[in-house]
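# Summary of structural features
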Amino acid sequence: RSIDLSGCKIITNCQLNNILQMCGDVRYLDVSYTNISDFGLKKLAELKLNHLNVSGVTGITDATICNLSVATGDLMYLNVSGCHQLTDTALLQLYTFTHSLQFLDLSGCYRMSGATMNALIAQCEK
């Protein structure tokens, strides 16, 4: 199942949580350029995502990525470009997906260090 809410500025955190609760078998989620925050993505741990696009979502922090890291899906695509609150803490959580990750966009995440990015990339098998 796929959910694409990209650019939808009127979606709220509560609405997204309700959608994710009703559609528990979501594999593809795009909430790029929305006003969603960590609260709206608290259900990530319950999903088996293989595609997540949160590019341009400035309201998310390391907490969202930490939450994602305990999910049981094999994440293959992750776009967090422009999520400027993310730090090395988020990057370290992504080690969970080094076996499956095929696409990772960290552009505009200026609080992440180059050294930590390079270490993560070196761990990716693909």
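Higher on the page you've got the structure.
Here the residue index of a chain counts from 1 through its sequence in written order. Residues qualify for local features only when their pLDDT is at least 70, as the model is predicted, and side-chain atom pairs are given and counted only at 80 or more; totals for whole chains, interfaces and linings, by contrast, use all residues. In computing side-chain properties, one takes all heavy atoms of the structure into account and sets aside hydrogens as well as water.

Here the focus is the overall build of the chain. The secondary structure content of the chain amounts to four helices and five strands. Secondary structure elements follow DSSP: runs of H or I no shorter than four residues count as helices, runs of E no shorter than two count as strands, and numbering proceeds from the N terminus. If you list the helices and strands of the chain from N to C, you get β-α-β-β-α-β-α-β-α. Here the C-alpha radius of gyration of the chain, 13 Å, is about what a compact globule of 126 residues would show, namely 14 Å. Its C-alpha atoms put the chain at 35 × 25 × 20 Å along the principal axes. The buried label goes to any residue with under 20% of its type's maximum accessible area, the exposed label to any with over 50%, and the partly exposed label to all in between, with areas taken from a 1.4 Å probe on protein chains only. Split into buried and exposed, the 126 residues of the chain put 45% on the buried side. Contact between two residues is taken to exist if any of their heavy atoms lie within 4.5 Å; hydrogens are not considered. Long-range contacts, defined as pairs at least 24 residues apart, comprise 64% of the intrachain contacts of the chain with a sequence gap of at least 6. For the chain, the accessible surface area stands at approximately 6000 Å², while carbon and sulfur atoms represent 52% of it. A radius of gyration in this sense is built from C-alpha atoms; the matching globule rule multiplies 2.2 Å by the number of residues raised to 0.38. For the area figures, the Shrake-Rupley method with a 1.4 Å probe applies, and any residue is considered shielded solely by the protein chains shown.

Here we come to the pattern of salt bridges. When charged atoms on two side chains of opposite charge get close, those side chains can pair. For this document, the term salt bridge refers to a Lys or Arg side-chain nitrogen within 4 Å of an Asp or Glu carboxyl oxygen. Taken as a whole and judged by the stated rule, the model has one salt bridge. The closest approach of N and O atoms between Asp25 and Arg1, which form a salt bridge, is 3.5 Å. With Asp25 in the loop between α1 (13-22) and β2 (28-30) and Arg1 in the segment before β1 (2-4), this residue pair connects regions lying 24 residues apart in the sequence. Here Asp25 falls in the partly exposed class, since its relative accessible area comes to 39%.

Tracing the backbone through its elements, the reader meets Leu52 in strand β3 (residues 51-53). Of the residues examined, Leu52 reaches a relative accessible area of 1% and is grouped as buried. Residues Leu52 and Asn79, spaced 27 residues apart in sequence, show a C-alpha to C-alpha distance of 6.5 Å. Setting aside residues no more than four positions away along its own chain, Leu52 makes contact with Leu29, Leu44, Leu68, Leu75, Tyr77, Leu78 and Asn79.

Time to look at the sheet that holds β3. Spatially, five strands are ordered β1-β2-β3-β4-β5 in an open sheet, and the strand pairing comes out parallel. For this open sheet the edge positions go to β1 and β5 (103-105), each flanked by a neighbour on one side alone. When strand polarity is set aside, the average angle formed by the axes of neighbouring strands in this sheet is 5°. Bridging between β3 and strand β4 (residues 77-79) involves three bridges; their strand directions are parallel. The partner of Asn53 across the bridge, within β4, is Asn79. By the convention used here, strands pair only if DSSP detects at least 2 bridges between them. Inter-axis angles, ranging from 0 to 180 degrees, are taken between N-to-C directions of lines fitted to C-alpha atoms, where helices are fitted over the stretch in contact.

You can see Thr64 is positioned in helix α2 (residues 62-68). Judged by relative accessible area, Thr64 falls into the buried class, the value being 2%. Here a polar contact is taken to be a pair of N or O atoms separated by no more than 3.5 Å, where protein atoms must pair a possible hydrogen donor with a possible acceptor and residues adjacent in sequence count only if both atoms sit in side chains. Side-chain polar atoms of Thr64 contact the side chain of Asp38, separated by 2.5 Å. Not counting residues within four places of it along the chain, the set of residues in contact with Thr64 comprises Asp38, Leu41 and Leu44.

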